Structure formats: structure tokens, C-alpha cells
Amino acid sequence: MKLKKYIFPLISLTLMTSCNYEDINTNIYGVSDEELGALLYGTSFMDMQQKVIPIGSPTLTTGPGNDLQNTDLISSGNYIGFFGNNNNWAGQGYIEANWNFPDNRMNYAYQNFYSKMFQSWNTIYGKIKDSDEPSDKEILSLANIVKIAGWLRATDVFGPIVYTNAGNGDIAPKLDSQEKVYKAMLADLESAVAVLNKSTAKVLGDYDVIYDGNPGNWVRFANSLMLRMAVRVHFVDEALAKEYIGKALDVKNGGVIEDVSQEAKIQNSDKMPLLNSMLASIDEYNETRMGAAIWAYLTGYDDPRISVYFQEGSYGSRTGYYALPPENDKAKDESEDSYSRQYASKPNVNSASPLYWMRASEVLFLKAEACLYGLMAGDAKTYYEDGVRKSFEENNVSGVDEYLDSEALPAELRIGALSHAYSYSSPLVEGNTSPKWDDYKTSNHKEEQLQKIITQKYLALYPNAVEAWTEYRRTGYPFIAKPADKSAPARIGASEDCFAPERFRFGATEYSANPNMNEVPALLGGDDQGSTKLWWVRSDRPKQ
């Protein structure tokens, strides 16, 4: 790997920061800052890409796996039923898996969603933020797009974050409200697109594991992120939504992700050895298994994606798809008994399986929602069905025509439906919907159409858990399964009929380190707790 010969000089530079940086490069190593620039930016850029959705080198063993557990597997993915946990962590006083948000876990989450990304981005930003060189502007534009991809997850989990003041050198920077964060991110994406649309060569190609330095694909991803954010805010700021939907879809701005080859994903490659970070929780810890909600949809709809997403499990002598409920109230079960919960269905991944930042199917569902609410021209049904077709294509399964004509409903989560949690039940079918666009259960067709769009988007997003959790909180769809742990809602100050937390809270360390954290409740419009809704939540969100 090309980077190996630079490891010692870079470590030395890190350890000798009290010395004159220019003298170190010139006099000791005989290399100017300019010559070392591409390496310095490149290694930081590589690190940034690993922090959007946590992933890392196989040599890091379970580190990135622990990070992903915290952000996506035992938390957000568990809340919205992608995954069920073979553990309740009661021995640790319960953690985010069961809606308990202790300081140590929330500090850890903030590092994973925000701080680790900041460290790498700030290395690049601090060196070239004032540069007028076109190549530097291109590098910073790439770094800003990746930063936004990561920090969008941060603001969608916590709400207020430091954004407009990031990198300005303040020891105690002021936080921005989520509304301000979104507006600044959208403007920054627009600026990055303008810079990269002028690019005539690869940008950081040796260090780019997403698009190999192709500026055109980075533009498509940036515009697709812009579309995601713009559609997200339309319930609370329609004018802002329309403005940036128009900019994202303006062909003169470079287009959006349209096919599989343009999708943003990260996985093992010759350029950077990586290990899918879901594996630690699935195989080493025996904790992440198929979730009840996605089981109900995939089995009820007879959805062929089930065999792509999950492996068959077993219960006694029987084999099939077996799920665990959200917020499992049972201790970890690794017994050799053939009825053990460890034998519920595992997510179907291997060491080289990618983690997807954004797929073409999501873009089509975003367009469908935008058309449904008159935010762009076009037919919502066409984009909806194209989104389902694209997801089937992405997963290499057939039968989409029959699927789109199906009036089937999700499977009932009645007592006995989940063999490994026999006494569990949850309402899911009443008020739910089928894949067929014109199959309506009520007279409110527009609301049912939104439900169809978000339900199919949920199935296409798998396993992008934070994004699915965000869409559930924003729209109220898809319907999900209630917590098996009946004490979970009270831990976040929510009513007992709450099906998922609204957000993470900040840990005490953040408050002690920055006095401006005292502004968080005002920026949130509520207490810093898991039941406080974020800015983009629709005012008439349906209650399941």
C-alpha cells in the first residue's frame, strides 16, 4: 500500500507539533509543505470517508464494529426494526439499545457522529481554507461534501451541532439550531457543486475510495444529498425545500445519482483494505439479528429482497426467517440449545459487503415525495414504482411487476409470530398499506401515497439505519413494532405509547467542556432528552 513509507514521517510530525512546522519538513526530511500537501490531505480524506458510517481496516479488529453498534445497529436500526438485539445490556444498567442514554454512551455517540469527523476535516480545512488555488478549492469541496454526509447524521440524531463555527479555533464554539445547520449545509453543497463542476481532472484520486477522484460523481452525490435534505424540510419550510430541490435537479448543475454505478458506497478495495463493520456485532458478539418490523414487511409482502438482506435462521429443527423484537427485554442468549435466540436470522453480509451512503432508489423515492407535494413537476406514482424497480435491480432480484400489483399487507406481529420471543406482540397491520399504488384503505389517498413511498423507501434503505430512523421520525412512516422492554419510553421522558426515541441527548462531558452547551434547550425548543422532537418533524405526524 502506497502510504506505508510515509507513516513514520507523519507520526513524527504529529509528535513534534511544538517545533516549527516548516523547519521540520524542510530541514529534517528535505520535503516542503507543498510536496507533502497531497499526502497530508489524502490521509485525512481517507479517514473522513471511514467516519461517515463507521468502517475501518481489518487490523482495527472490533473498534469500527463497536462504533457502528453505537450509531446504527443496537440503536437506530433497532428502533426502526431493521435489527433485533440478542442482548438487553441490563448488566450495564441498560444503554441506548433500550433507550437509556447514560453519559458515557452519549459522549461516545457524539464522538462517532461528530468529533472524529471534525478532527480529519479540520486538518484539511485549516491548511487550505484561505487558498485561491483551484486544486485546493477542489480538495476542500470534496472534504466538505464528506463532512456534510457525516454531520447530517449528527444533526439528525442530536439536533443542534457546531457547524457554522466549526474550524474557527474557538475553544468553546457556539452551536447552531438544526434549522441553521440545514440552511448552511445546503449552501455549502451548492458551493461545492459549483467548484467541482469546473474540474477537468481527478481530485485526490489516490485517496478516494468512493468515486476514485471522479468529480462528476461527487457532484451527483452532492446534489443527491441536497435533494435528500430539501425534501426532508418541506413540512416545515416549503420555500427552502422548493429552492434546493430545483437546484439539486437542475441538469446544468450536474445531475443526481441515477444508476447503480453512481451510488455512494464504501467497501474493501486495493486502495484501502476495509472490513464490513457489521460483522463484529453479528458474528463475534452474536448480538445483531433480523428485526421484527422488517421481518413483517418482507414476509407479508412476499418480498424477494429478504434472501439478499438476511440469512435463514433456525428454531429447533425448523429453518426459515426468524426475527427478534425491538428493545429486547431478555439477556444475551448464546446457549447451544437449538431454540437459542442466537439462531435467529443474521444480516447477510460478508467482509467485503459495502456500506451504502446513498443509492439510486432513494433518489427516486425523494422525487416521488417531491411530486406528491407539488415541489417539482412529474408523476409521484411513476417515481414511486421506478424506486421499487431500482431497488429490485440494486439487489439483483426479480418479480417486481407482480410485487407492484400486490395488495398484501405486512405479517401480523401477534403472539407467537416471533418464535424466539413467543409472548411478544405489536400492532402493525391496522392502518398499514400494500405495495400497489392504487390500493387504498381510506379516502385520504395522498396520505396513503406518502405512506407507500416511505414504506418502500424504508425497505430500499436497508441497512442505512440512521436514515430510516430519521424518515420515521419525520413522517410517522413506516409503521414499526413497539418496544419489548415496556420501561424504555419512561427512560427518555416519553409516554408509554411511544414507539421510538426522537433523538439522542448530549452527554455531560459536552456540557462541561463548552459553556455554550447551555443554549441547547433553546436551540432544540425543548429539554435535552430523548423525547424532544427535532426541527423537521411534521406537525400532523400520524400516531401509530
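Scroll up to find the structure.
Quantities reported herein were computed from a predicted structural model and do not represent experimental measurements.

Peer 1: Looking at this structure, how should I read the environment of Ser-406?
Peer 2: Here Ser-406 is to be found in the loop between helix H15 (400-404) and helix H16 (445-461). Relative accessible area serves as the criterion here: at 17%, Ser-406 is assigned to the buried category. Note: C-alpha distance between Ser-406 and Trp-437 (31 residues apart in sequence) is 9.2 Å. Among all residues touching Ser-406, those that are not within four sequence positions of it are Ser-434, Pro-435 and Lys-436. From its side chain, Ser-406 meets the backbone nitrogen of Ala-408 in a polar contact 3.1 Å long.

Peer 1: Just checking my understanding: could you explain the packing of helix H4 (residues 63-79) against helix H5 (residues 103-128) for this structure?
Peer 2: Running from N to C, H4 and H5 point in directions that differ by 100°, and their axes come no closer than 10 Å. What the angle tells us is that H4 and H5 run roughly perpendicular. Together, Gly-63, Asn-66, Asp-67, Asn-70, Thr-71 and Ile-74 of H4 and Arg-105, Tyr-108, Ala-109, Asn-112, Phe-113 and Lys-116 of H5 make up the contact between the two elements. Partitioned by chemical class, the residues of the contact of H4 with H5 number 4 nonpolar, 5 polar and 3 charged.

Peer 1: Help me understand empty space enclosed by the protein, please; the structure alone is not making it clear to me.
Peer 2: If a probe the size of a water molecule is rolled over the atoms, the empty space left behind becomes visible. Tallied over the entire structure, the rule returns 3 cavities of 30 Å³ or more. Roughly 100 Å³ of volume is contained in the largest cavity. Contributing to the lining of the largest cavity are Val-52, Ile-53, Ala-149, Arg-153, Phe-221, Leu-225, Arg-228, Trp-357, Asn-464, Val-466 and Glu-467. When contributions to the lining of the largest cavity are tallied by element, the ones reaching two or more residues are helix H6 (134-158), helix H8 (215-232) and helix H17 (465-475). Broken down by element, the lining of the largest cavity gets its largest block of residues, 3 residues, from H8. Split by residue class, the lining of the largest cavity holds 7 nonpolar, 1 polar and 3 charged. In this model, the second largest cavity occupies a volume close to 80 Å³. Lining of the second largest cavity is provided by Ile-53, Leu-68, Asp-72, Leu-73, Met-278, Leu-355, Tyr-356, Pro-463, Asn-464 and Ala-465. Looking at the lining of the second largest cavity, the elements with two or more residues in it are H4 and strand E6 (355-358). Among the elements that line the lining of the second largest cavity, the one with the most residues is H4, at 3 residues. Partitioned by chemical class, the residues of the lining of the second largest cavity number 8 nonpolar, 1 polar and 1 charged.

Peer 1: Where do I start with helix H9 (residues 238-249) in this structure?
Peer 2: Given 3.6 residues per helical turn, the α-helix brings residues three or four places apart onto the same face. For H9, with 12 residues, the first-to-last C-alpha span of 16 Å sits near the 16 Å given by 1.5 Å per residue. Among the residues making up H9, those that are buried are Leu-240, Ala-241, Tyr-244, Ile-245 and Ala-248. Projected down its long axis, H9 carries its buried residues within an arc of 125°, all on one side. For H9, the elements touching its buried residues are helix H7 (178-196), H8 and helix H13 (360-372).

Peer 1: Even after reading the chapter, I still don't get the packing of aromatic side chains, so can you show me in this structure?
Peer 2: Two numbers describe a pair of aromatic rings. These are the distance of the centres and the angle of the planes. Enumeration according to the criterion identifies 39 aromatic pairs in this entry. An angle of 35° between the planes, with centres 4.8 Å apart, marks the rings of Phe-82 and Tyr-458 as tilted. Of this pair, Phe-82 sits in the loop between H4 and strand E1 (83-85) while Tyr-458 sits in helix H16, placing them 376 residues apart in sequence. Each member of the pair Phe-82 and Tyr-458 is classed as buried. Ring plane angle 55° and centroid distance 5.7 Å describe the contact between Phe-83 and Tyr-462, whose orientation is recorded as tilted. Taken together, the positions of Phe-83 in strand E1 and Tyr-462 in the loop between H16 and H17 put the pair 379 residues apart, joining distant regions of the chain.

Peer 1: Before we go on, may I ask you to explain the nonpolar core in this structure?
Peer 2: General note: in soluble globular proteins, nonpolar side chains tend to be found buried as a group. With 157 residues, the main nonpolar core has Trp-218, Phe-221, Ile-294, Trp-357 and Phe-504 as its most contacted residues. Top contributing element to this core by residue count: H6, with 13 residues. When sequence neighbours within four positions are dropped, the list of residues in contact with Ile-294 reads Gly-81, Phe-82, Tyr-309, Phe-310, Tyr-458, Leu-459 and Tyr-462.

Peer 1: Mind showing me how you'd approach the environment of Ala-293 here?
Peer 2: Secondary-structure assignment places Ala-293 in helix H11 (residues 292-300). When its relative accessible area of 1% is taken as the criterion, Ala-293 is described as buried. Spatially, the C-alpha atoms of Ala-293 and Asn-78 are 9.5 Å apart, while their sequence positions differ by 215 residues. Non-local contacts of Ala-293, meaning those with residues more than four positions away in its chain, are made with Ile-80, Gly-81, Tyr-458, Ile-480 and Ala-481.

Peer 1: Please explain unusual backbone geometry as it appears in this structure.
Peer 2: Backbone geometry follows two general trends: most residues other than glycine have a negative phi, and most peptide bonds adopt the trans configuration. Pro-463 follows Tyr-462 through a cis peptide bond whose omega is 5°. By the secondary structure assignment, Pro-463 is in the loop between H16 and H17. Cis geometry marks the peptide bond from Tyr-477 to Pro-478; its omega dihedral reads -5°. With respect to the secondary-structure elements, Pro-478 resides in the loop between H17 and helix H18 (488-491). In the Ramachandran plot, Trp-89 falls in the positive-phi region, its phi being about 50° despite a non-glycine side chain. Structurally, Trp-89 is set in the loop between E1 and H5.

Peer 1: What should I look at first to understand H5 in this one?
Peer 2: For H5, spanning 26 residues, the distance from its first C-alpha to its last is 36 Å, which sits close to the expected 38 Å at 1.5 Å a residue. Of all the bends in H5, the greatest, near 50°, is centred on Gln-111.

Peer 1: Where do I start with the side chain of Asn-286 in this structure?
Peer 2: When you line up the elements, Asn-286 lands in the loop between helix H10 (279-284) and strand E3 (288-290). Here Asn-286 falls in the buried class, since its relative accessible area comes to 13%. Polar contacts involving the side chain of Asn-286 include one to the side chain of Glu-334, which spans 3.1 Å. With residues near it in sequence (within four places) discarded, Asn-286 still touches Asn-86, Ser-281, Lys-332, Glu-334 and Gln-342.

How each quantity is defined
- Residue positions are given per chain, counted from 1 along the sequence in the order it is written.
- Per-residue local features of the predicted model are confined to residues with pLDDT of at least 70, and side-chain atom pairs are confined, for both listing and counting, to 80 or more; whole-chain, interface and lining totals are unaffected and use all residues.
- Excluded from the side-chain calculations are hydrogens and water; all other atoms, namely the structure's heavy atoms, are used.
- Only DSSP runs of H or I reaching four residues or more are called helices, and only runs of E reaching two or more are called strands; each is numbered from the N terminus.
- The classification of residues rests on relative accessible area computed with a 1.4 Å probe and restricted to protein chains. Under 20% of the type maximum is buried, over 50% is exposed, and intermediate values are partly exposed.
- The contact criterion used throughout is that any non-hydrogen atoms of two residues lie within 4.5 Å.
- Polar contact is defined as a pair of N or O atoms within 3.5 Å, subject to the rule that within protein one atom must be able to donate a hydrogen and the other to accept it, and that residues adjacent in sequence are counted only when both atoms are side-chain atoms.
- The axes used here are C-alpha line fits, helices contributing only the stretch in contact, and every angle between their N-to-C directions lies in the interval 0 to 180 degrees.
- For classification purposes, angles smaller than 35 degrees are called roughly parallel, those larger than 145 roughly antiparallel, those between 65 and 115 roughly perpendicular, and all remaining angles oblique.
- For this classification, the nonpolar set comprises Ala, Val, Leu, Ile, Met, Phe, Trp, Tyr, Cys and Pro, the charged set comprises Asp, Glu, Lys and Arg, and every other residue, Gly included, is treated as polar.
- Throughout, the protein atoms alone are placed on a 1 Å grid, and a set of points is a cavity if a 1.4 Å probe fits but cannot get out or a pocket if it is open with protein on both sides within 12 Å along at least five of seven lines; lining residues have an atom within 4 Å of a point.
- Grid points are joined across faces, edges and corners, and a volume is the space filled by probe spheres set on the points.
- For a helix, the expected span equals 1.5 Å multiplied by the residue count minus one.
- Note that the arc is defined by the directions from the helix axis to the C-beta atoms.
- Each pair of aromatic rings taken from Phe, Tyr and Trp, with Trp reduced to its six-membered ring, is defined by centres within 6.5 Å and is described as stacked if the planes are under 30 degrees apart, edge-to-face if over 60, and tilted in the remaining cases.
- Take the buried Ala, Val, Leu, Ile, Met, Phe, Trp, Tyr and Cys residues and link them wherever side-chain atoms come within 4.5 Å; each set so joined is a nonpolar core.
- The angle separating two fitted axes, one through the seven residues that finish at a residue and one through the seven that start at it, defines the bend at that residue.

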